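For reference, the chains in residue letters:
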Amino acid sequence: GNFNLVVGDVKQSIYRWRNSDWKLLDEQIERDFRPEQLSKQNLDTNWRSDKNIIDFNNSFFYRSALLLQAKFNENIGTSLSASPELEPLTRKIVHAYADIDQKVSTKAADGYLKVEFIPQNENEDGWKQASLQRLPKMLEEIVDRGYKPSDIAFLVRKNDEEAAIIQYLLSYKNSPDAREGFNYNIVGNEGLMLTSSASVQFIIALLKLMANPDDSVQRTILNYEYLRGRKKIPESEAMAACFNVAEKGDDIFSGLFTEKENLFIKNSKQTSLYNLVESIFDVFEIPQWHDEVVFLQAFQDVVFGFVNSRNADLNSFLNWWDKNGINKTISTPENQDAFRIMTIHKSKGLDFKVVIIPFCDWALEATRNKPLLWCQPDVEPFNELPLLPIDYSSKLANSIFQKQYFNEQMHQFIDCLNMAYVAFTRAKNEMFCFAPMPAGDQPLELSKMKTLSDLMMTSILADQSTGTKHIQLSENYSEETTIFELGQPGTSVYPKKATETEHQQLTDYPIAQSKDRLRIKHKSIDFWLSEQNLTDSRLNYGTVMHDILKSIVRRDDEEKAISAMVNSGRINPEESDFIRQELAKFWKMPEVDLWFDNDAEILNESPILLPGGEQYRPDRVIIKDRKALVVDYKFGNEIRKSHSAQVKQYAGIISKMGYEVETYLCYVSLGKIIK
């Protein structure tokens, strides 16, 4: 009976593997409500992207939806005659992208878009390596035009692609080809990965070799990183030299190490894990190797967290590191001057001035990790089984499961297109894509389109005389360079503004060895030295006597309380005799027998919790027949008014509980009781 708002975009539905269903918004809502109940309003103006990016997306996705629908309908072919219920699927893709066109905002600039198709060699993934090789110079050129690294984002489909880009840029950063002073740092969606640090890789290799000296792979990594970091040898020379290192011996862990470093490894077998890592920093002077102090600090934090929550031996740590620690990252502030990288799924809802998609290609339908279809057969005798798990395969097109097969294929086509839509609509000003050059004639026949790259090339080159207002993409493609380009690269100017927070860059790692910071405190819990007698300090006397009386619930508990004091080192056997003498005086005081009544309930230092959260702890409360006796022990030689006020406060609190209260101040050393 009220106004309700349903918000969404079918074209950005990329979580079907999490049971997201774009059909709810695309068609189900129109089935569940009457036409007069619905009012559909399409937000047709794009306030994020510049003109050329919007024009490309309008044209590309309009054309791609038509091509995919045509390809799908061609696949169904004659199956429609046998299964007329498949007919609605022949319009699904086009219907999902029916409202693709977006208007350009009045504030938008021209913008720039570039798609480069890279020729493929015999190696199927060779184009990916070529794409990686293009990235450093591209980043340098973009930053030279005024863009901040933090406004430039890489979008990838899979986590291993993210790792490949991070590793390549890290390696390039330390190569002779890197531009001096240029910042190649790249931040993942969760932060900087610890494993991207050369210093951390050396430490892990060293720890693994200490656990298993015969691990040749880790020894090669150790030699390589040591030569680059400690010896400052260029990457290419270090790569060649790391295989030609003198053999280790009984007293030589590595032929590269100094005598001091080899001796350290020999003598550190029993060192605790945290101190071992700290000593490695110190002995090998790792903070001076690279500008990676923040990685060292973060790695030691990881080690500290591990040793405080698990078995702190080296092997346990290394096993944990290979499973979990390898994914640890460093959290970075929002204004960190570093490039961003994330998966397309995690980029949904975000935007960036510049978007780079280095691996812009994925299958139109699953070729690996094919889904399992749960089918309900309606043909005898298979319908005797309520549910059947069927592997997704083109063979199903001519089976009794053709309906489920074509329904899944249609969904996979839209998944592929939606993934591209989310990626292509993240850019504000500029977008760069690298894709493999499709094999065969261009444009491709529908049956030969297998990947997003095939679809992109066909959409760009196919006849686009559709009678719409879309731009002609083919006019912006060069067969000579195999590059599609729309607009001209621009410059970015940032307004000057005062930052609210400042971030300091760590430039030094202070080594803190436990031998330098661990000291024995020669003072007991009672603040008396071992050569002092108990009677030399009134504070010691009072503390010890108070704790003994606190431990005595019944009079028979006296010897047990004194023995506990001796066993814990609080007093020595000679002083225990003095305590017994003091307690003998205590027992002779007239009211004491009443306080140690065996038939009463005794509460020693039990907390009283008040409604406001305050707590009070009387030394001793004796409860019997709704009557409460409150006793407070004092061990000084002075009677003060504040003592009386204290027990009166106890009395007021306990009387509110419904007890009749009597209070006593017992001055033990004076042998005096005040009621």
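Residues numbered from 1 in each chain as written. Predicted model: local features only at pLDDT ≥ 70, side-chain atom pairs only at ≥ 80, totals over all residues. Heavy atoms only, no water.

Visitor: How should I be thinking about the overall build of the protein in this particular structure?
Guide: Helix and strand counts for the protein stand at 22 helices and 21 strands. Counting only residues that meet the buried cut, the protein has 45% of its 675 residues in that class. Across the protein, every contact between residues at least 6 apart in sequence was considered, and the portion connecting residues at least 24 apart equals 71%. A total of about 36,700 Å² of accessible surface is found on the protein, and carbon and sulfur atoms cover 49% of it. (Helix = DSSP H or I, 4+ residues; strand = E, 2+ residues; numbered from the N terminus. Buried < 20%, exposed > 50% of the residue type's maximum accessible area, 1.4 Å probe, protein only. Contact = heavy atoms within 4.5 Å. Areas by Shrake-Rupley, 256 points an atom, 1.4 Å probe, with all protein chains shown as cover.)

Visitor: What's the story with unusual backbone geometry in this structure? I'm lost.
Guide: Glycine aside, a negative phi is what most residues show, and trans is what most peptide bonds show. The linkage connecting E380 with the following residue, P381, adopts the cis geometry, with an omega of -5 degrees. Residue position: P381 is located in the loop between β10 (372-375) and β11 (388-391). Its identity as a non-glycine residue notwithstanding, T482 has a phi of 55 degrees, on the positive side. Here T482 shows up in the loop between β13 (477-478) and β14 (483-487). On the basis of relative accessibility, which here comes to 14%, the residue T482 falls in the buried class.

Visitor: Would you take a moment to explain the pairing of β14 for this structure?
Guide: Remember that side chains alternate between the two faces of the sheet whenever the strand is regular. Across five bridges, strand β3 (residues 112-118) lies against β14 in antiparallel orientation. Considered in β14, the bridge of K114 is made with E485. Relative to β14, β13 runs antiparallel, the two sharing two bridges. Across the sheet, the residue bridging to Y477 is F484, located in β14. Counting the residues in the hairpin turn of β13 and β14 gives four residues, including T482, whose phi is positive at 55 degrees. (Pairing = 2+ DSSP bridges.)

Visitor: Looking at this structure, I do not really get the pairing of strand β12 (residues 427-436). What am I missing?
Guide: Along β12, nine of the 10 residues are buried, which leaves the element largely enclosed by surrounding structure. Bridge count between strand β9 (residues 352-357) and β12: five bridges; the pairing is parallel. Residue pairing for β12: I356 is matched across the bridge by F432.

Visitor: Sorry, what's going on with helix α11 (residues 273-283) here?
Guide: An α-helical segment advances 3.6 residues per turn. Residues three or four places apart therefore align on the same side. Buried residues dominate α11, accounting for nine of its 11 residues. Along α11, the positions that sit buried rather than exposed are L273, N275, L276, V277, E278, S279, I280, F281 and V283. Positive phi shows up at E285, right after α11, with a value of about 55 degrees.

Visitor: Please clarify how helix α7 (residues 198-211) should be interpreted in this entry.
Guide: Taking 1.5 Å of rise per residue, 14 residues should cover 20 Å, and α7 covers 20 Å from first to last C-alpha, within 8% of that figure. Of all 14 residues in α7, 12 are buried, a share of seventy percent or more. Within α7, burial applies to A198, S199, V200, F202, I203, I204, A205, L206, L207, K208, L209 and M210. Check the buried side of α7 and you find it contacts α8 (216-229), α10 (259-267), α11, α12 (293-307) and α13 (314-323). (Expected span 1.5 Å × (residues − 1).)

Visitor: Help me understand the pattern of salt bridges, please; the structure alone is not making it clear to me.
Guide: A side chain of one charge can pair with a side chain of the opposite charge when the charged atoms of the two come close. Across all of its chains, the model carries 34 salt bridges by this definition. Notably, a salt bridge pairs D144 with R179, separated by 2.8 Å at the nearest N-O pair. You can see D144 sitting in helix α5 (residues 126-144) and its partner R179 sitting in the loop between α6 (159-173) and β5 (186-187), a full 35 residues away along the chain. Among the residues examined, D144 registers a relative accessible area of 51% and is labelled exposed. Its relative accessible area of 35% is what places R179 among the partly exposed residues. The partner of K585 in a salt bridge is E582, with the nearest N and O atoms 3.5 Å apart. Here E582 and K585 lie together in helix α20 (residues 573-588), a separation of three residues that amounts to about one turn. (Salt bridge = Lys/Arg side-chain N within 4 Å of Asp/Glu carboxyl O.)

Visitor: When you look at the confidence of the model for the protein in this model, what are you seeing that I'm missing?
Guide: Put simply, the protein has an average pLDDT of 84, and 90% of its residues get 70 or more. Within the protein, the element-level pLDDT minimum falls on helix α17 (residues 514-517), averaging 60, and the maximum on β9, averaging 96. Low pLDDT (under 50) marks residues 522-532, which in the prediction has 15 contacts with non-local residues, meaning those over four places away or in another chain. (pLDDT = per-residue confidence, 0-100.)

Visitor: Mind showing me how you'd approach the sheet that holds β13 here?
Guide: In sheet architecture, strand pairing relies on hydrogen bonds along the backbone and comes in two forms, parallel and antiparallel. Spatially, eight strands are ordered β5-β8-β4-β9-β12-β3-β14-β13 in an open sheet, and the strand pairing comes out mixed. Each edge of the sheet is formed by a strand with only one pairing partner; in this case those strands are β5 and β13. For strand β4 (residues 152-156) and β9, the ladder comprises three bridges, and the chain directions are parallel. From the neighbouring strand, A153 faces β9, where its bridge partner is V355. Strand contacts of helix α2 (residues 51-76): β3, β12 and β14, with the helix running at about 50 degrees to β12, the strand carrying the most contacts. (Axes fitted to C-alpha atoms, helices over the stretch in contact; angles between N-to-C directions.)

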